[in-house]
Amino acid sequence: MTDLRVRAAVPDDLDAVLAFWRTAAEGTSISDDRAGVERLVARDPEALILAESGGELVGTVIAGFDGWRCHLYRLAVDPRRRRQGIGSALVAAAEERFARLGGRRADAMVLVRNETAHHAWRSAGYGPQEQWRRWVKPLTD
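Residues numbered from 1 in each chain as written. Predicted model: local features only at pLDDT ≥ 70, side-chain atom pairs only at ≥ 80, totals over all residues. Heavy atoms only, no water.

Of regular secondary structure, the chain possesses four helices and five strands. Of the regular secondary structure in the chain, the N- to C-terminal order runs β-α-α-β-β-β-α-β-α. Here the chain has a C-alpha radius of gyration of 15 Å; the compact-globule value for 141 residues is 14 Å, and the two agree. Along the three orthogonal principal directions, the C-alpha set of the chain runs to about 40 × 35 × 30 Å. (Helix = DSSP H or I, 4+ residues; strand = E, 2+ residues; numbered from the N terminus. Rg over C-alpha atoms; globule rule 2.2 N^0.38 Å.)

In structure tokens, the structure reads:
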């Protein structure tokens, strides 16, 4: 894919990102709103990484680093554009960011039921850690 551009999101991108996630991302999150994504970009302007082709948003990943751990969220690729290297380019950009920041290991949030994502993450070198479970408590209603 020669015309793929990977870059950090800016505030003007956020409405397009939210709309994109409704069609390209599997599942939703309590943070999938304008205020949540604005906080992300304000706190860490390089965390939300976008892939564009021909000026169109075709993929996203959130590469969060808290100073200790590297976390990947919201890897999403336009369903019409999958298996073209977009997800791989986004994961590579996230891993490069983590390396620059001193990160030593990355983990990815992947839905148990999303078999397509399981294949994508495995091909990127990631694997499940069965000894861990995610424990969650919503802080708002």
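This part is about the nonpolar core. Within the largest apolar cluster, 18 residues are counted, with the highest numbers of intra-cluster contacts made by Ile 49 and Leu 72. Considering each element in turn, this core owes the most residues, six residues, to helix 3 (residues 86–101). The contacts of Leu 72, once residues within four sequence positions are left out, are Val 61, Ile 62, Ala 63, Ala 94, Phe 98, Ala 106, Asp 107, Ala 108, Met 109, Trp 121 and Tyr 126. Residues Leu 18, Phe 20, Ala 24 and Val 37 belong to the second largest nonpolar core, which totals 15 residues. (Core = buried A, V, L, I, M, F, W, Y, C linked by side-chain atoms within 4.5 Å. Buried < 20%, exposed > 50% of the residue type's maximum accessible area, 1.4 Å probe, protein only. Contact = heavy atoms within 4.5 Å.)

Even without being glycine, Arg 74 reaches a positive phi, approximately 55°. With respect to the secondary-structure elements, Arg 74 resides in strand 4 (residues 70–77). Even without a glycine there, the phi angle at Arg 83 is positive, about 65°. Relative to the assigned elements, Arg 83 resides in the loop between strand 4 and helix 3. Accessibility expressed as a relative area gives 85% for Arg 83, which makes it exposed.

Bringing the sheet that holds strand 5 (residues 106–108) into the picture now. The strand order across the open sheet formed by five strands is 1-2-3-4-5, and the pairing between neighbours is mixed. Taken across any chain shown, the strands that pair with only one partner, and hence form the sheet edges, are strand 1 (4–8) and strand 5. Recorded for the sheet is a direction-independent mean angle of 25° between the axes of neighbouring strands. Direction of pairing for strand 2 (residues 48–53) relative to strand 3 (residues 56–65): antiparallel, over a ladder of six bridges. (Pairing = 2+ DSSP bridges. Axes fitted to C-alpha atoms, helices over the stretch in contact; angles between N-to-C directions.)

To continue, consider the packing of aromatic side chains. Aromatic ring pairs are reported here in terms of the distance separating the ring centres and the angle at which the planes meet. For the structure shown, the criterion picks out one aromatic pair. Ring geometry for Trp 121 and Tyr 126: centres 5.0 Å apart, planes at 80°, overall edge-to-face. The residues Trp 121 and Tyr 126 share a single accessibility class, namely buried. The cationic tip of Arg 74 hangs over the ring face of Trp 21; the distance from NZ or CZ to the ring centre is 5.3 Å. (Phe/Tyr/Trp six-rings, centres within 6.5 Å; stacked < 30°, edge-to-face > 60°. Lys NZ or Arg CZ within 6 Å of the ring centre and 35° of its normal.)

Another aspect to go through is the pairing of strand 2. The element strand 2 is extensively covered by neighbouring structure, given that six of its six residues are classed as buried. Pairing geometry for strand 1 and strand 2, over five bridges, is antiparallel. Bridging across to strand 2, Ala 8 finds its partner in Ile 49. The antiparallel pairing of strand 2 with strand 3 creates a hairpin that spans two residues between the two strands, and Gly 54 there sits at a positive phi of about 60°.

Attention now goes to helix 3. Under the 1.5 Å per step criterion, the end-to-end length of helix 3 is 23 Å for 16 residues, consistent within 8% with the ideal 22 Å. Downstream of helix 3 by a residue or two, Gly 102 has a phi angle that is positive, lying close to 90°. (Expected span 1.5 Å × (residues − 1).)

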